[in-house]
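Here is how the chains run, residue by residue.
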Amino acid sequence: MIDRAVRPEVRSMERPRHGGDVWDDLDVKDYSSNVNPFGPPPRLERYIVEAASELHCYPDDSCARLKGAIAARYGVDDSNVIVGAGSAELIRLFAEVFISPGDRVVMPSPTFSEYAFGCRLMGARLIDHVLPHEEDFALDVAELAARLDGAKAVYVCNPNNPTGRMVNRSDLLDLVAEAARKETLVFLDETLLELSSRSDELSLVPEVESHENLFIIRSFTKSFAMPGLRIGYGFGPRRLLNYLEAGRLTWNLGTIEQRVATRLMEEEQEHVARAATMIEGEKRRMHARAEKLMGRVPMPDSYFFFAPLDALDVSSAEFRRHMLRHGVLVRDCSSFGGVCSGYTRFCVKTPEKNDEFLDALSRAVADISEGRS
Ligand SMILES: Cc1ncc(COP(=O)(O)O)c(C=O)c1O
């Protein structure tokens, strides 16, 4: 009976897979998730403890103070901001509010799996815009724009997860304009942009009020290295956000999340900026060493590497296993589909941690070449 009762979209649904699966062994060094290499700001625990004194009240359902802090940091109006339990909630909410069964939705492939997950749940018809691996998965935005006929929405992740490629601002603005002509919504994921030194130059956040079809997400998860607290936020024109607010889960952000996120937004921006500067130098150093060990490794535009494994002749899952033997977790990319099972993803951290990573890498490469499994 249950099999007949369930919505058809849910019956065949598979949960997306992600990195960061270290709960059973917290000593494993996690290079599979892309968070601030400095970890959370040292005052985070203090902020959490201070917020705990307010737990006897319901949280503010409007999240007014937090929205105000985010709006001030980004120079937009409070009414252009929405917050969610992680940006993952906003990915889901956008699909719930705007995607109807049969809607055509266009997205690059590979990209972050939650977009397709949310859209499939709503019964969308997904159109994959396959990124060319011969060109290190560069996204030609004009080609993507040419596929928007009849599309309800188009998704872009900048920089893209897992490939690490970025798209420039003027190309994105052209896409938003073309999408507006076609009555297509643009979902832009900037959660991985903030730890890049090019964040301000590439961000479309200042554009939201003047583009009725643009929605952008960002997150505390990456910038402040705190995936364990679920806090994300989004920007959009008022009319679009009014509809998202209409469909949003009541009390989606608890009191601790709201209070902590407000303090971080107001007082800890330096923590993010320092990481972005350090990452630039470390990325180059890691790249040179990784290429010596793995063969050609594309230089990422962002702070994580998406490296082909052809020279080592192992699959993504096998490479993950080899690295784990030396205490390091990298992302098995096979869940991204297609050619990705021949790639691995790992992030840039602090100089000492990167040395540990490179040491583990050289030992794993030696194991592979000597046929040890
Ligand atoms: C590109 C991208 N967007 C969004 C998310 C969701 O992050 P969160 O829900 O923690 O904000 C992730 C998490 O891995 C991600 O990689």
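Residues numbered from 1 in each chain as written. Predicted model: local features only at pLDDT ≥ 70, side-chain atom pairs only at ≥ 80, totals over all residues. Heavy atoms only, no water.

Quick notes on the packing of helix H5 (residues 86-98) against helix H11 (residues 238-247)
Moving on, step 1. Viewed as axis vectors pointing N to C, H5 and H11 meet at an angle of 100°, and their least axial separation amounts to 9 Å. By the angle between their axes, H5 is roughly perpendicular relative to H11. Together, Leu93, Phe94, Val97 and Phe98 of H5 and Leu240, Tyr243, Leu244 and Gly247 of H11 make up the contact between the two elements.
Moving on, step 2. Classifying every residue of the contact of H5 with H11 gives seven nonpolar, one polar and no charged. (Axes fitted to C-alpha atoms, helices over the stretch in contact; angles between N-to-C directions. Helix = DSSP H or I, 4+ residues; strand = E, 2+ residues; numbered from the N terminus. Parallel < 35°, antiparallel > 145°, perpendicular 65-115°, else oblique. Contact = heavy atoms within 4.5 Å. Nonpolar A, V, L, I, M, F, W, Y, C, P; charged D, E, K, R; others polar.)

A word on the sheet that holds strand S11 (residues 331-332)
Moving on, step 1. Pairing within the open sheet is antiparallel, and its three strands lie in the order S9-S12-S11. Bordering the open sheet on either side are strand S9 (304-308) and S11, each of which pairs with just one other strand.
Moving on, step 2. Pairing geometry for S11 and strand S12 (residues 343-347), over two bridges, is antiparallel. Paired with Asp332 across the two strands is Thr344, which belongs to S12.
Moving on, step 3. Contacts from helix H13 (residues 269-294) reach S9 and S12 within the one sheet, and its direction differs from that of S9 by about 15°. (Pairing = 2+ DSSP bridges.)

What about the domain arrangement of the protein?
Moving on, step 1. Taken domain by domain, the protein holds domain 1 (2-40 + 270-368) and domain 2 (44-268).
Moving on, step 2. Distance from the C-alpha centre of domain 1 to the C-alpha centre of domain 2: 23 Å.
Moving on, step 3. Each side of the interface is counted separately: domain 1 has 35 residues, and domain 2 has 34 residues.
Moving on, step 4. For the pairing of domain 1 and domain 2, the buried interface totals around 2900 Å² over both sides, and the portion due to carbon and sulfur atoms is 64%.
Moving on, step 5. Of all residues in domain 1, Val272, Asp301 and Phe336 bury the most surface against domain 2, accounting for 19% of the area lost on that side.
Moving on, step 6. Counting every contact that joins domain 1 to domain 2 gives two salt bridges.
Moving on, step 7. For Arg296, the salt bridge goes to Asp136, with nearest N and O atoms at 2.6 Å. (Domains from an automatic or database assignment. Buried area = accessible area lost by both parts, 1.4 Å probe. Salt bridge = Lys/Arg side-chain N within 4 Å of Asp/Glu carboxyl O.)

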